[in-house]
Structures are given as C-alpha cells and as structure tokens.
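What follows is the residue order along each chain.
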Amino acid sequence: MDTFADATAGELNSFRDEVRGWIQENFPASLREKIEEYYRTLPRYPEGADWKLWKDRVVQKGWGTPGWPVEYGGGGLSTEQARLLEREYLASGAFNPVEGFGTSMLGPTLLEYGNEQQKQMHLTRVSRGEVRWCQGYSEPGSGSDLASLRTKAEDEGDHYLINGQKIWTSGSRYADWCFCLVRTDQSRKQEGISFILIDMKSKGVDVRPIQLISGQWHFSEVFFTDVKVPKENLVGQLNKGWSIAKRLLQFERNTVTDNRFSVAGDVRPLSVVARDYVEIDASGQIANKDLRARIAKHMMDFRSLQLLQRRMLDETRDGRGPNESASVIKNAKARLTQEREELLIEIMGVQGLGWEGDEFSQIEKDTTRVFLFDKAMSIYSGTTEIQNNIIAKRTLGLLDHQ
Ligand SMILES: Cc1cc2nc3c(=O)[nH]c(=O)nc-3n(C[C@H](O)[C@H](O)[C@H](O)COP(=O)(O)OP(=O)(O)OC[C@H]3O[C@@H](n4cnc5c(N)ncnc54)[C@H](O)[C@@H]3O)c2cc1C
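Reading the values: rules and limits
- Residues numbered from 1 in each chain as written.
- Predicted model: local features only at pLDDT ≥ 70, side-chain atom pairs only at ≥ 80, totals over all residues.
- Heavy atoms only, no water.
- Helix = DSSP H or I, 4+ residues; strand = E, 2+ residues; numbered from the N terminus.
- Rg over C-alpha atoms; globule rule 2.2 N^0.38 Å.
- Buried < 20%, exposed > 50% of the residue type's maximum accessible area, 1.4 Å probe, protein only.
- Contact = heavy atoms within 4.5 Å.
- Lys, Arg positive; Asp, Glu negative; His and termini not counted.
- Charge placed at Lys NZ, Arg CZ, Asp CG, Glu CD.
- Near = heavy atom within 4 Å.
- Polar contact = N/O pair within 3.5 Å; in protein donor to acceptor, adjacent residues only side chain to side chain.
- Areas by Shrake-Rupley, 256 points an atom, 1.4 Å probe, with all protein chains shown as cover.
- Patch = residues over 30% accessible without salt bridge, like charges linked within 9 Å, V, L, I, M, F, W, Y side chains within 5 Å.
- Salt bridge = Lys/Arg side-chain N within 4 Å of Asp/Glu carboxyl O.
- pLDDT = per-residue confidence, 0-100.
- Axes fitted to C-alpha atoms, helices over the stretch in contact; angles between N-to-C directions.
- Parallel < 35°, antiparallel > 145°, perpendicular 65-115°, else oblique.
- Left-handed = near helix turned anticlockwise from the far one by under 90°.
- Nonpolar A, V, L, I, M, F, W, Y, C, P; charged D, E, K, R; others polar.
- Pairing = 2+ DSSP bridges.

Participant: Just checking my understanding: could you explain the overall build of the protein chain for this structure?
Facilitator: Broken down by element type, the protein chain carries 13 helices and 8 strands. Taken against the 2.2 N^0.38 rule, which gives 21 Å for 402 residues, the C-alpha radius of gyration of the protein chain at 22 Å falls within 12% of a compact globule. A principal-axis box enclosing the C-alpha atoms of the protein chain has dimensions of 80 × 50 × 45 Å. Each of the 402 residues in the protein chain was classed as buried or not, and the buried ones make up 50%. A separation of at least 24 residues holds for 70% of the contacts in the protein chain among residues at least 6 apart in sequence. Charge separation in the protein chain, taken as the distance between the mean sites of 53 positive and 58 negative side-chain charges, equals 2 Å.

Right, dumping it as structure tokens:
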C-alpha cells in the first residue's frame, strides 16, 4: 500500500479513503466483470446502460480529467490527487471512462497553448467524454524525422486548405477530431510547422484502416484532400507548432510511463502466474532456479522503475508537468513490459501461444495478443533510439543541442 511521507501525507491519505469509498459506491458492480472487455473494445467506447451510468457519474464529479480546472469540466485536483485517483481506479478494478488522446495529450497541451475559445470548446467536450481525438503526426517517410513532414496547409483567406497523408494514426476510425501537424512554410523545417485541429467529419478526410500483427485494427492511414479548416483551429502562432508538438509528445510519453503493465491478458504478478503453469518444489518455490532468478530480477527491476516514477512525480509537483525524464521512463517501461511478456509466454508454454479455440482460456488468448501488440511499445511515442538521443542531448548534455 502507498503511504505519503511528506507534509501533505494526512490530506492525501484521507483523500484516498474518500476516493475508495466513492468508487465502491458508484462503480456499477456489473462492470467489474467487463474490465477486460472494456480494454479490448478501445479505442471505441463500449455501450450499455451501466457504462453510461458510470460515465455520467465520473463526468459529473470532473474525475475523468481530475487535474484540469473546474471551469473546463475538470476535477480541480492537485497532481498527486489526480495520480492517486487514477491508481485507485485500477486498484479497485474500475476504469476512467473518458480516458483517451483528448485527456492525456491534447488537453494538457491546450491548457498551455490554446486560446480561451479553444479551451472552452474542446476541453469541456473532452472532459464530458463527448469526443474522441487522434494524433496526426507521422507520415510515410516522416516518423523519427518528424519535422520533415509534408502535409501542407495553404492560407485561403478565411480558412486553410489541407492536402497530404498521415499514417499509423491510432484510433482514427473512431475519432471525431484530429490534432495535426501541417507544413505552413515550405522553406524552413521545424519553423515551417503549425499545429492545427481538424474535424474528422470534414469533406476530404479519408480513413483507411491497417491491421496489426495482434489482429487489432488499431490504426489507419488518413488522407486529406482539399480539406477546409477554419482559421480559428490553429493552435498558437503560425509556424510555431514544433514547440507545441514536442510538448505534446512529453505528455504522451508520460502516459506510456504510467504505473502499470498491460491491462489485458494475464495481469497477475509473474510469481503468481507461475504457480498455475510450472513445477513448484517442496519449499513452495518455482523449481526451475534459472527461471525463478529471472522472474525475481524482473520484479525487482519493475519495483525500481516504480520508485523512479515516484521520484519523477515528486520533481514535477510544482505543476510544470512532465519533462525530458519521461524519455528515460518510457524506455525503461518499454523494455520491462516486453521482458515481462517474454517471461509470461515462457511460463505459460504452449498455453501462452493461444490464438483461438477452446483449449485456451480467454486470458491466455489475450496474453498472446498483448505480447504481440506491446512489441510496438518501443516504437510508438518515438522509438527507443530516438528517446536515447533525447536523453543524450537534453538530460546528459552529451551532444550539441540542435
Ligand atoms: C502501435 C503504434 C501506434 C502509433 N500511433 C501513432 C499515432 O497515433 N499517431 C502518429 O502520428 N504516429 C503513430 N505511430 C507512429 C510512430 O510514432 C512511428 O512509427 C515512430 O515515430 C517511428 O517512425 P517510423 O515508423 O517512420 O520509423 P523510422 O523513423 O523510419 O525509424 C526506423 C528505425 O530507424 C531508427 N532511427 C531513425 N532515426 C534515427 C536516429 N536519428 N538515430 C537512431 N536511430 C534512428 C528508429 O529508431 C527505428 O528503429 C504509431 C506507431 C505504432 C507502432
């Protein structure tokens, strides 16, 4: 159990009691059985009366976007309280029903860079769970070298005209809006990029899904052909979108670093899973000493990561939000997640390779899919190598700054 050792310990501990009581009282019992289904359905929202009831209750309290100001539908909680709430959702088998790219990436970015009209319009709708967002950054040939992007926005007087293609756009099949990087000056690289908000129902937006090795239709190609976007959808200044884009990536990496492994598949500690699949010796330990040692090392590394995350949170308590250290944690999290899933499959043996059929439980089949999906963790939000470059430049000062 977490304890809080600083001056606010008493307040936080009593807030945790309040949160636990509230979730206990308000999270519909019927949804407890459906948590796996919920995460399997994402990025769509599931349907049904209980789901709606839970969403309405969370939204009314502002606890879908707990750290946002109350005037934009948030809960007005401190960073620690908001984190604590998110942890309690997980620990109690509940979930945040409005979670998505709008809450984790666009919202915090708009709070820093958006004008009042944009905050009123977009933050409020995100905090009510009324809209879903996708991220239009990557393009064919512009992934790691994102600033080479070519999708262009031309000034047509009262609107911009957008033409180009995005790729790997997660959740775009179900998204209502896209926060997008576009080129507004051909003669400069980073300084020719703007950050713009595009309504996915606009004429000229074409979404073509791509299937992942895990079987999911997680992302798509998105084509823009003569899409008209009102000028008020530009965030910040023209040609100043690169700084906004990088800030949003810090928020994105911060979510990848949250305090949990996958939410689907077998989420129990490895030492517990092992008891169902491998030989246990007379003293109650995993008989295979090599496997036992690797599981123990993995669990200790994960505990170290949790402590590092706690330290990072302490460092950002002044409200400045995530910084370059998000890259350190993102890499460690990706490595440990993939290591955990390799170990899981090894422990489960043939049962860890289930795809379909009655000889595998649903959890075993989900584990296989999560194992495959999480291979992407060292790619999305910027690859491991790109995080290493950021750490070398910005954290360790090893290279000249660009
Ligand atoms: C599951 C998933 C979801 C995604 N969702 C989105 C999304 O919603 N929106 C979006 O815009 N994008 C999304 N992406 C795209 C993702 O951001 C890119 O795949 C990623 O940035 C890498 O770009 P790339 O695929 O073009 O690879 P490349 O940039 O071509 O890289 C290929 C390899 O070269 C290495 N490399 C490249 N440059 C350097 C360098 N300077 N130094 C060292 N090594 C280098 C990379 O590390 C990588 O191993 C998603 C990707 C995945 C897998």
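Moving on from the coordinates now.
Participant: Is there a simple way to explain the site of the ligand in this structure?
Facilitator: Around the ligand, 17 residues are found, and the nearest of them are S138, S144, W168, T383 and E385. One of the side-chain N or O atoms of S144 is found 2.6 Å from an oxygen atom in the ligand. Note that a nitrogen atom of the ligand is positioned 2.9 Å from one of the backbone N or O atoms of W168. In isolation the ligand has 970 Å² of accessible area, and contact with the protein removes 66% of it. When residues of the shell around the ligand are traced back to their parent elements, those giving at least two are β3 (159-170) and α13 (384-395).

Participant: Before we go on, may I ask you to explain a nonpolar patch on the surface in this structure?
Facilitator: A cluster of nonpolar side chains, namely L396, L398 and L399, defines an oily patch on the protein surface of about 320 Å² accessible area. Topologically, L396 is positioned in the segment after α13.

Participant: Sorry if this is basic, but what is going on with the confidence of the model for the protein chain here?
Facilitator: As a note on interpretation, predicted positions should not be read in detail where pLDDT is low. Within the protein chain, residue pLDDT values average 90, and 92% of them lie at 70 or more. Confidence over residues 1-7 falls short of pLDDT 50; this stretch has 13 contacts with residues more than four positions distant or in other chains.

Participant: Looking at this structure, I do not really get the side chain of S194. What am I missing?
Facilitator: With respect to the helices and strands, the residue S194 is situated in strand β5 (residues 193-199). Only 2.8 Å separates the side chain of S194 from the backbone nitrogen of N239, close enough to count as a polar contact. Sequence-distant contacts of S194, that is, excluding residues within four places in its chain, are made with C180, L181, V182, T184, L234, L238, N239 and G241.

Participant: Quick question: what am I supposed to make of the packing of helix α1 (residues 9-26) against helix α4 (residues 49-61) here?
Facilitator: For any two helices packed against each other, one specifies the inter-axial angle together with the distance between the axes. Close contact between α1 and α4 brings their axes to 11 Å; oriented N to C, the two are set at 150°. With respect to their mutual orientation, α1 and α4 come out roughly antiparallel. In this structure, α1 meets α4 at a crossing whose hand is right-handed. Contacts between α1 and α4 involve E18, W22, E25 and N26 from the former and W54, R57, V58 and K61 from the latter. Counted by class, the contact of α1 with α4 contains 3 nonpolar, 1 polar and 4 charged residues.

Participant: Would you mind showing me how to read the pairing of β3 here?
Facilitator: Consecutive side chains of a regular strand alternate in pointing toward one face of the sheet and then the other. Across the 12 residues that make up β3, a large majority, 10, are buried. Note: strand β2 (residues 152-155) against β3, 4 bridges, orientation antiparallel. Following the sheet pairing, D155 is matched in β3 by Y160. Taken together, the 9 bridges between β3 and strand β7 (residues 219-230) define a ladder with antiparallel strand orientation.

Participant: Where do I start with unusual backbone geometry in this structure?
Facilitator: Outside of glycine, negative phi angles account for most residues, and trans bonds account for most peptide bonds. Residue W168 is not a glycine yet carries a positive backbone phi of 60°. Along the chain, the position of W168 falls in strand β3. For S381, which is not glycine, the phi dihedral falls at a positive 65°. Within the fold, S381 resides in the loop between α12 (362-373) and α13. We classify S381 as buried; its relative accessible area is 7%.

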